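Spelled out, the chains give:
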Amino acid sequence: MSGDSGGYLNRQRLVASFDAGTTARIHAEKLGEIPRFLVQQGLAKQVDWAWYDVETGTANQFMSYIATCLGEFERWVESSRLVTAH
């Protein structure tokens, strides 16, 4: 058994989930260059110029990542204000 088989099986599960219609719609503006990669991997399809249906687990993880980044950015802005206020 190859060391990569776990990743391959996980990808198969995600693609099967997408094929079964388990998707979330995400605006491409939030995804940068990622939509093309997800489409190539069988995890998304373009709905119109700006929107993609993305496998739900993948979409949830990505949106959690975006939320975490935005939260950290907000903290960084606040700490920058404190530093420049002194």
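Residues numbered from 1 in each chain as written. Predicted model: local features only at pLDDT ≥ 70, side-chain atom pairs only at ≥ 80, totals over all residues. Heavy atoms only, no water.

1. A look at the pattern of salt bridges
Moving on, step 1. A complete count under the given rule lists 2 salt bridges for this structure.
Moving on, step 2. The salt bridge involving Asp53 is made with Arg25; its shortest N-O contact spans 2.8 Å. Of this pair, Asp53 sits in strand S3 (residues 51–55) while Arg25 is found in strand S1 (residues 23–27), placing the two residues 28 residues apart along the sequence.
Moving on, step 3. When its relative accessible area of 10% is taken as the criterion, Asp53 is described as buried.
Moving on, step 4. The salt bridge partner of Glu33 is Arg36, with a shortest N-O separation of 2.5 Å. Each member of the pair, Glu33 as well as Arg36, is classed as exposed. (Salt bridge = Lys/Arg side-chain N within 4 Å of Asp/Glu carboxyl O. Helix = DSSP H or I, 4+ residues; strand = E, 2+ residues; numbered from the N terminus. Buried < 20%, exposed > 50% of the residue type's maximum accessible area, 1.4 Å probe, protein only.)

2. Quick notes on the packing of aromatic side chains
Moving on, step 1. Under the definition given, this model contains 1 aromatic pair.
Moving on, step 2. Consider the rings of Phe62 and Tyr65, whose centres lie 6.3 Å apart with planes at 45°: the pair is tilted. With Phe62 and Tyr65 both in helix H3 (residues 56–85), this residue pair falls 3 residues apart, about one helical turn.
Moving on, step 3. The buried category is assigned to Phe62, whose relative accessible area is 15%. (Phe/Tyr/Trp six-rings, centres within 6.5 Å; stacked < 30°, edge-to-face > 60°.)

3. Observations concerning the sheet that holds S3
Moving on, step 1. Within the open sheet, the 3 strands sit side by side as S1-S3-S2. Their pairing is antiparallel. The sheet is open, and its two borders are formed by S1 and strand S2 (44–46), each paired with just one other strand. Put simply, the sheet's adjacent strands are angled 25° from each other on average, direction ignored.
Moving on, step 2. In terms of strand pairing, S2 meets S3 through 3 bridges, oriented antiparallel. Following the sheet pairing, Gln46 is matched in S3 by Tyr52. (Pairing = 2+ DSSP bridges. Axes fitted to C-alpha atoms, helices over the stretch in contact; angles between N-to-C directions.)

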